[in-house]
Amino acid sequence: MKRLIYNKIGLLTLLLLIPVFGFAQEKTIKGKITDETGYGVPGVSVVIQGTTNGTITNIEGEYVLNAIAGETLHVSFIGYKSQTVVVSASGSVYDFVLEEEFISLNEVVAIGYGKAQKKDLTSAISSVDGDALKTMSVGNPVSALQGKAAGIQVVSGSGAPGSAPKVLIRGFTSVTLGAEPLYVVDGVPMGTNINFLNANEIERMDVLKDASASAIYGSRGSNGVILITTKKGKDGKTNFSADLSYGVQVFEKPYEMADATEYAQIMNQSLLNVNLDARFDDPSSLGKGTDWWGEGVNKLSPQTNFSFQANGGSEKFRYAVSLSYFDQESFYNSGEWERFTGRISLDWTFSDKVKAGIMMNPRREKWDNTPSWYQDYLLIDPITPIYRPEAEQAGLNEYSIFQRSYYTYTWNPIARDARNFGNGGYYAAASNLYVTYEPIENLEIKSQINGDFKFNHADDFIPDFVIDGAHEWNAVNSVSRDYQFDKYWNWTNTATYTLKKDAHSLTTMVGATLEKWNYSNIEGSKENIPNNSELLRELDAATSNDKIYGNEWGNSIESFLGRVSYNFLNRYYLTGTYRIDGASKFLGDNKWGAFPSLSAAWRISDETFMRGFNFLDDMKIRMGWGRLGNQGLESGLFLSTLSTGYYVMGDDASVVNTTAPSLLANEDLKWETVEDINIGTDVTLFNSKATASVEYFQKKTIDMLFEMPYPYYSGYPNYSSIMSNIGSMKSSGWELALSYRDHIGELNFDVTLTAMTGQVEMTKLSNTAPVVYGTDEKTKTVVGDEPGYYFGYKTDGLFQNQYEVNSHSSDQGVLLQPYAQPGDIRFIDVNGDGELTGEDRTKIGSPWPDFTTGLNVSLSYKGFDFLANVYASIGNDLVNELKDDLYSTTASESNVKSGLLNTAWHGEGTSNSIPRVSHVDNNQNYTRFSDFYVEDGSFLRLKNLQLGYTIPQSLSEKAGLSRCRVYVSGQNLLTVTNYQGVEPEVGGNALNTGFGGWTYLCCQLIW
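Criteria and cut-off values
- Numbering of residues begins from 1 in every chain and follows the order in which that chain's sequence is written.
- The model is predicted, so local features are restricted to residues of pLDDT at least 70 and side-chain atom pairs to those at 80 or more, both for listing and for counting; the totals for chains, interfaces and linings are taken over all residues.
- Based on all heavy atoms of the structure, the side-chain values leave hydrogens and waters out of the count.
- UniProt positions are given in the numbering used here, feature names are shortened, and annotations may be inferred rather than shown by experiment.
- Every helix listed is a DSSP run of H or I at least four residues long, and every strand listed is a run of E at least two residues long, numbered separately from the N terminus.
- Only protein chains enter the accessibility calculation, which uses a 1.4 Å probe; a residue is then buried when its area is under 20% of its type maximum, exposed when over 50%, and partly exposed in between.
- Residues are treated as being in contact if the distance between any of their heavy atoms lies within 4.5 Å.
- Here the open area of atoms and residues is found with the Shrake-Rupley method and a 1.4 Å probe, where only the protein chains shown may cover a residue.
- The positive count covers Lys and Arg only, the negative count covers Asp and Glu only, and His and the chain ends enter neither.
- In plain terms, the charge of a residue is placed at NZ if it is Lys, CZ if Arg, CG if Asp and CD if Glu.
- Paired strands, as defined in this entry, are two strands with at least two bridges between them according to DSSP.
- Every axis corresponds to a line fitted to the C-alpha atoms, with the helix fit spanning only the stretch in contact, and the corresponding angles, defined between N-to-C directions, vary from 0 to 180 degrees.
- Here a patch means residues that are over 30% exposed by relative accessible area and free of salt bridges, tied together within 9 Å if like-charged and within 5 Å if nonpolar (Val, Leu, Ile, Met, Phe, Trp, Tyr).
- When a carboxyl oxygen of Asp or Glu is within 4 Å of a side-chain nitrogen of Lys or Arg, the pair counts as a salt bridge.
- Multiply 1.5 Å by the residue count of a helix minus one, and that product is the helix's expected span.
- Any pair of N or O atoms that falls within 3.5 Å is considered a polar contact. Within protein, one atom must be able to donate a hydrogen and the other to accept it, and sequence-neighbouring residues count only if both atoms are side-chain atoms.

- Looking up the protein in an unreviewed UniProt entry gives the name Outer membrane cobalamin receptor protein, with the organism given as Saccharicrinis fermentans DSM 9555 = JCM 21142.
- If you open the UniProt record of the protein and go to Sequence similarities (unreviewed entry), you find "Belongs to the TonB-dependent receptor family."

Right, dumping it as structure tokens:
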């Protein structure tokens, strides 16, 4: 019965389709697709819209396809505008001329000793446009990268004037060597700090994240490479532009501290809790006391950022000139950072074969040393006045009229600020000269020589003063001056040949580089200037204890490199690089290191089986592998070094000068090597409105360098050490980048989301030193776990009564904490041996986040524009080292947080987190490092919020301006976190990271 029904349905369907076939007969159409120069384009997708019926053009750009009159022919090719045409009843030949579409995939990005279109990349490279960087007013342009590119962590660490952020590309690759990426500015490696650059000078940043991209930089690329392209001249009339921002940083008092009355009450209770007499008879009579914070710290500090650019030129000559100034003041009465930079870029086209150019970059930085003791304004007791009584000031110099703290060991912070005379800076000039020659078509030979010369200077003066003869004094004034001259030069020669034939494209590059660094310094100091007058703060004015130091050192690298890039039909890609580095930091066979890489990509969206996905503009799958080196160790570690000292000997206690080995030679030192694999996909959707990128990466670091102690039986002093290649580490993670841009009427919007996850594990350490500890053994690194995890005691709240204290005992009834009292921390006997010892320390937290993410939103409507940047770090722990300062009332008697008598334990059930106030810490509540100090370090921060308005062109032209935009902006306006320290963006190295002390805050900036 069912078969009969199916047969009838099939017959009916056939009868219904007969008229359709009668009126819509297929016919053969053909045509040729060319680019704007008239050349045939192979691999172009030609599809009947709404169907899977389609084809691609051959190597001549020709196609043949069956179609029905009335159907729509859709032509698409990556990097070009899509086109459609309706098939007519009579037409059979349909030719197309493709027009380039300037979308992100057509962008040209730097790839290291060359350039490539973004659509042709086979490696993990993130790009950030210069316009996105200058939306924030920052001293270091890389600070503006935070949250704008997947896989990049930018940790501010400190908001002090002139401070540089710490940048990690896909996490740490070394435990003992530096983790900062290499910055390459216009093809010139410029080290690991770009404080000298103004964001307005930058055209774009390209971040090389995986080894297949960075291996071309060999031994300097293990931490990733950031390629910076500065703005160049353009054809046409001279264009002038200026950017000016003036803002104020807002430094809010991080904690409300006890005033004089409350301080006295807290100290009295602290003494009474250990059966000592109260010190203050009538705390209320002391009133508020001294407002140290209000007297010594400014709530607002100005910041100025100005830049001026001019560019223009012709086909034969192009020029660009920029001048910039940045000034940031501290929140103290001293401390400032200023930067002046200039950049001149000139490019000549002498003929079709010869081009040349020169860049000059003079710059100047200077600073007054910013104090680093704002905590002292909080911790000094509020009872002490700032100055001595006037009667006691007679006969004292201006630095001795201050009052010593009555009760604490904290030095008078306003007095310290008055004595802060350190300053420094440098004068520098960089230049870059290049010549390119094209002897035959498609062969370019380029020679580039670069130099960077920097003269550093530093001066300091320490006056004589006596505030307290036993504690706070300096008997003899002194002056010092330090000069250092740094020289760097680089000579790079490359030859690049490009061959395009039919559907094949091949680009080869070979090159050689020479780099050399030289440093020399001289430092002098003397004591006993006749007085503290500013006019006499010179070495010649001092009369005793002359000291002079000086040295010279350097290192060099010689390299040979090459790259081959091939693609077929703009669909199948293969890239290989190879670099050999020879470094003066190593000896013999270890002097040379080889760093290969191989990567491939497949544009799967051009395959015939993908033709029906009309919403898909482009989809590419990438895979890369490579090896990188890290030679960021000091020069001369293959040499033994000696240290000097003294020793008291004999009955007469005579002092004998001594010399002993400190660092022992290891001629077998070799490169730390990072092996990296990366798998990713890039997708473009909905006529380039949406893009997505997903990456998986894995890194393995081998031959890691550690400083190992020499065994005692060797006869060397116990502080002698030797650098050795003994460790290995691996890390892995995922990256995600999503963006969507569109418009609704006149409202344009652009939303970008980035995210990264990461895991890291030590895989090998020395058999003789299977454990590596951080400072004070607060972190631990062992095989099979993440490096630098927090290592200490676990706790179980506070003892609420004596019964709980007595119950916390071994099986034999021995008290685990015999000195504990109700209100003290209960520490856990982790190994269960009935004793509380160092063996009970265990893992109590991790400084490494589960993932980091950034959200960037940009809106524009008519003349108005709005942008917001949000960044978050989720899943990491931080050590709040401030708990000791804020809550402990031991013998140092520093001031503490207001309200402590209520928040600290003061009776059963009153608190299970803050121990009782006590002048004696017999239970080691604060001296035992435990999870009491470890807090959730996750945070979300509104990094930037900006609202702008572009004045109508008709009005701006009346003022002689082609464009004028005004805006108001705020940075770090909101931070959401459970961390109770002053700043959740905490840096460090792999062995000691996440320790939050009295860090100079990343403050709100309104401009």
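From this point, the narrative continues.
Considerations on the overall build of the protein
Here comes step 1: Looking only at helices and strands, one finds 12 helices and 54 strands in the protein.
Here comes step 2: C-alpha extents for the protein along the principal axes are approximately 115 × 85 × 75 Å.
Here comes step 3: Taking all 1007 residues of the protein together, 49% fall into the buried category.
Here comes step 4: The long-range share in the protein, meaning contacts at least 24 apart out of those at least 6 apart in sequence, stands at 69%.
Here comes step 5: Summed over its atoms, the accessible surface of the protein is roughly 46,500 Å², and 55% of this surface lies on carbon and sulfur atoms.
Here comes step 6: Across the protein, the mean location of the 81 positive side-chain charges is 10 Å away from that of the 118 negative side-chain charges.

Things to note about the side chain of Arg 941
Here comes step 1: Looking at the element boundaries, Arg 941 is found in strand S49 (residues 939–950).
Here comes step 2: Discounting residues that sit within four places of it in the chain, Arg 941 has contacts with Asn 869, Val 870, Tyr 871, Asn 972, Leu 974, Thr 975, Glu 983, Pro 984, Glu 985 and Cys 1002.

A word on the sheet that holds strand S3 (residues 54–56)
Here comes step 1: One open sheet accounts for 4 strands, arranged S3-S2-S5-S6; its pairing is antiparallel. Each end of this open sheet is capped by a strand with a single partner; those strands are S3 and strand S6 (83–86). Each strand axis lies, on average, 15° off the axis of its neighbour in the sheet, ignoring direction.
Here comes step 2: Bridging between strand S5 (residues 72–76) and S6 involves 4 bridges; their strand directions are antiparallel.

Quick notes on a nonpolar patch on the surface
Here comes step 1: On the surface, Tyr 427, Phe 453, Phe 455, Tyr 483, Phe 485, Ile 522 and Ile 548 cluster together to form a nonpolar patch covering roughly 670 Å² of accessible area.
Here comes step 2: Mapped by element, the contributors of at least two residues to the nonpolar patch are strand S23 (443–462) and strand S26 (478–501).
Here comes step 3: Within the fold, Tyr 427 resides in strand S22 (residues 423–437).

Some points on helix H4 (residues 260–272)
Here comes step 1: When the terminal C-alpha atoms of H4 are compared, their 18 Å separation across 13 residues agrees well with the 18 Å that a helix rising 1.5 Å per residue should span.
Here comes step 2: Burial of H4 is extensive: 10 of the 13 residues sit out of reach of the surface.
Here comes step 3: For H4, the full list of buried residues reads Ala 260, Thr 261, Glu 262, Tyr 263, Ala 264, Ile 266, Met 267, Asn 268, Ser 270 and Leu 271.
Here comes step 4: Summarising the contacts, the buried residues of H4 are in contact with helix H11 (900–903).
Here comes step 5: One side-chain oxygen of the residue at the start of H4 lies 3.2 Å from the amide nitrogen of Thr 261, identifying that residue as Asp 259.

Concerning the pattern of salt bridges
Here comes step 1: A full pass over the atoms with the stated rule returns 43 salt bridges.
Here comes step 2: A salt bridge links Asp 186 to Arg 343, with the nearest nitrogen and oxygen atoms 4.0 Å apart. Here the residue Asp 186 occupies a position in the loop between strand S13 (182–185) and strand S14 (188–189), and Arg 343 occupies one in strand S20 (residues 336–349), the gap between them amounting to 157 residues. When sorted by exposure, Asp 186 lands in the same class as Arg 343, which is buried.
Here comes step 3: One salt bridge in this structure joins Asp 785 and Lys 843, with 3.1 Å as the shortest N-O distance. With a gap of 58 residues between them, Asp 785 in the loop between strand S40 (779–781) and strand S41 (789–792) and Lys 843 in strand S44 (residues 842–845) connect regions that are remote in the sequence.

So, the pairing of strand S32 (residues 641–649)
Here comes step 1: Bridge count between S32 and strand S33 (residues 654–663): 9 bridges; the pairing is antiparallel. Residue pairing for S33: Thr 644 is matched across the bridge by Thr 659.
Here comes step 2: Here S32 hands over to S33 after 4 residues, with Gly 650 in that stretch at a positive phi of 80°.

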